[in-house]
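For reference, the chains in residue letters:
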Amino acid sequence: MTAETETPQSTGSCCSPTGSCHDGAADVQIDQTDSVTTVYQVKGMTCGHCEGSVSEEISGIAGVTSVAAVASTGLVTVTSKAPLTEEAVRAAVDEAGYELVGPAV
């Protein structure tokens, strides 16, 4: 009866050994549409060094794929694989020496 519960691996199938019916290019496209982008308001940034410090700390949060900080507006755009907790972002911004106001409205 174990043969009934096992998934057969056939050669010549359109599916990969992992069970995916997509090649790598399709998987990348799916990952991009599954990303989450959140814009935060940060107080205290005044220059490019500030932008770099905030970006570096937020980039260290697991799942973050990109960060763009703009000192002139105080806005920090974060793209991640899954939603981030505000506590994690706040801790990173605090570590950089700035203040997280919260998500930009």
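These notes cover the structure that comes with them. (Residues numbered from 1 in each chain as written. Predicted model: local features only at pLDDT ≥ 70, side-chain atom pairs only at ≥ 80, totals over all residues. Heavy atoms only, no water.)

Digging into the overall build of the protein
Within the protein, the regular secondary structure consists of four helices and four strands. From first element to last, N terminus to C terminus, the protein shows the α and β order α-α-β-α-β-β-α-β. Relative to its 105 residues, the protein shows a buried fraction of 26%. Only carbon and sulfur atoms are counted for the fraction: they give 54% of the accessible area of the protein, which is about 7000 Å². (Helix = DSSP H or I, 4+ residues; strand = E, 2+ residues; numbered from the N terminus. Buried < 20%, exposed > 50% of the residue type's maximum accessible area, 1.4 Å probe, protein only. Areas by Shrake-Rupley, 256 points an atom, 1.4 Å probe, with all protein chains shown as cover.)

Digging into helix H3 (residues 48-59)
In this model, H3 (twelve residues) spans 16 Å end to end at C-alpha, consistent with the 16 Å of a helix rising 1.5 Å per residue. All buried positions along H3 are accounted for by Cys50, Ser53, Val54, Ser55 and Ile58. Buried residues belonging to H3 abut strand E2 (64-70), strand E3 (75-80) and helix H4 (86-96). (Expected span 1.5 Å × (residues − 1). Contact = heavy atoms within 4.5 Å.)

A closer look at the environment of Glu56
Along the chain, Glu56 falls in helix H3. It is 8.3 Å that separates the C-alpha atoms of Glu56 and Ala96, two residues lying 40 residues apart in sequence.

Regarding the nonpolar core
Residues Met45, Ile58, Val76, Val78, Val89 and Tyr98 are the most contacted members of the largest nonpolar core, which totals 20 residues. Looking at this core, the elements with two or more residues in it are strand E1 (36-43), H3, E2, E3 and H4. With four residues, H4 is the single largest residue contributor to this core. (Core = buried A, V, L, I, M, F, W, Y, C linked by side-chain atoms within 4.5 Å.)

Considering the sheet that holds E3
Taken in spatial order, the four strands line up as E2-E3-E1-E4 in an open sheet, and their pairing is antiparallel. Taken across any chain shown, the strands that pair with only one partner, and hence form the sheet edges, are E2 and strand E4 (99-103). Neighbour to neighbour, the strand axes of the sheet diverge by 25° on average, direction disregarded. Inspection of the sheet shows E1 paired to E3 by six bridges, in the antiparallel sense. Paired with Gln41 across the two strands is Leu75, which belongs to E3. Contacts from H3 reach E2 and E3 within the one sheet, and its direction differs from that of E2 by about 160°. In this fold H4 packs onto E1 and E4, with an angle of close to 155° to the strand it touches most, E4. (Pairing = 2+ DSSP bridges. Axes fitted to C-alpha atoms, helices over the stretch in contact; angles between N-to-C directions.)

What to know about the environment of Cys50
Residue position: Cys50 is located in helix H3. Sequence separation between Cys50 and Ala71 is 21 residues, and the spatial gap between their C-alpha atoms is 7.1 Å. Ignoring any residue separated from it by four or fewer positions in sequence, one finds Cys50 in contact with Gly44, Met45 and Tyr98.

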